[in-house]
Amino acid sequence: MPLHSRRLLSKAALAIEGRISIKQNTTRDWPRDHARLRVLERRGNLRWVGTQAGPHLGGTYAVWQITDEGRTRVATWEPDSIEIG
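Note that the structure is predicted; figures quoted are calculated from it, not measured.

Engineer: Tell me what's going on with the packing of helix H1 (residues 3–14) against helix H3 (residues 68–75), and back it up with residues and numbers.
Structural biologist: Packed helices, taken two at a time, are described by the angle between their axes plus the distance between the axes. Look at H1 against H3: their axes get within 10 Å of each other, and the N-to-C directions meet at 110°. Judged by the angle between their axes, H1 and H3 are roughly perpendicular. Side by side, H1 and H3 meet where Leu9, Ser10 and Ala13 of the first sit next to Gly70, Arg71, Arg73 and Val74 of the second. Its residues assigned to classes, the contact of H1 with H3 shows three nonpolar, two polar and two charged.

This is the structure in structure tokens:
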């Protein structure tokens, strides 16, 4: 799994509610992580929750929740090895 996908899935796994969100740009397009989260959704690691307005005017967030399959995937990762040398 690419590092950016691992980063996003790990972030969701560590969240209190198991959710991860991404804010829509002011130009109404989505940052790159939006497409990465959609890939994780298609693989069954995340479940689409929907979009919601943020606490500030003009802020729209896309929200996903980690699935049991996603949690299992994170739990099976081995810690990154540190090379000394």
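Engineer: Let's hear about unusual backbone geometry: which residues, and what values?
Structural biologist: Positive phi values are uncommon outside glycine, yet Arg28 reaches one of about 75°. Counting through the fold element by element, Arg28 comes out in the loop between strand E1 (19–23) and helix H2 (32–42).

Engineer: Tell me about the packing of H1 against H2, and please be specific about residues and values.
Structural biologist: Packing of H1 against H2 leaves a shortest axis separation of 10 Å and a crossing angle of 75°. Put simply, H1 runs roughly perpendicular to H2. In this structure, H1 contributes His4, Ser5, Arg7, Leu8 and Leu9 to the contact, and H2 contributes Asp33, Arg36, Leu37 and Leu40.

Engineer: With reference to specific residues and values, describe the nonpolar core.
Structural biologist: Core analysis: the largest hydrophobic core is formed by 14 residues, its most contacted members being Leu9, Ile20, Leu37, Leu46, Trp64 and Ile66. Taken together, the elements giving at least two residues each to this core come down to H1, E1, H2 and strand E3 (60–66). With four residues, H1 is the single largest residue contributor to this core. If near-sequence neighbours (up to four positions away) are discounted, Leu9 is found in contact with Met1, Leu40, Asn45, Leu46, Ile66, Gly70, Arg73, Val74 and Trp77.

Engineer: A description of the packing of aromatic side chains should follow, citing residues and the corresponding values.
Structural biologist: Within a pair of aromatic rings, the relevant descriptors are the distance that separates the centres and the angle that separates the planes. Following the criterion strictly, the structure yields one aromatic pair and no others. Geometrically, the ring pair formed by Trp48 and Trp64 is edge-to-face, given 5.0 Å between the ring centres and 70° between the ring planes. With a gap of 16 residues between them, Trp48 in strand E2 (residues 46–53) and Trp64 in strand E3 connect regions that are remote in the sequence. On the basis of relative accessible area, Trp64 is assigned to the buried category, the value being 0%. Positioned above the aromatic ring of Trp77 is the side chain of Arg6, whose terminal nitrogen or guanidinium carbon lies 4.5 Å from the ring centre.

The rules we used
- Residues numbered from 1 in each chain as written.
- Predicted model: local features only at pLDDT ≥ 70, side-chain atom pairs only at ≥ 80, totals over all residues.
- Heavy atoms only, no water.
- Axes fitted to C-alpha atoms, helices over the stretch in contact; angles between N-to-C directions.
- Helix = DSSP H or I, 4+ residues; strand = E, 2+ residues; numbered from the N terminus.
- Parallel < 35°, antiparallel > 145°, perpendicular 65-115°, else oblique.
- Contact = heavy atoms within 4.5 Å.
- Nonpolar A, V, L, I, M, F, W, Y, C, P; charged D, E, K, R; others polar.
- Core = buried A, V, L, I, M, F, W, Y, C linked by side-chain atoms within 4.5 Å.
- Buried < 20%, exposed > 50% of the residue type's maximum accessible area, 1.4 Å probe, protein only.
- Phe/Tyr/Trp six-rings, centres within 6.5 Å; stacked < 30°, edge-to-face > 60°.
- Lys NZ or Arg CZ within 6 Å of the ring centre and 35° of its normal.

Geometric descriptors of this kind do not, in isolation, establish any biological role.
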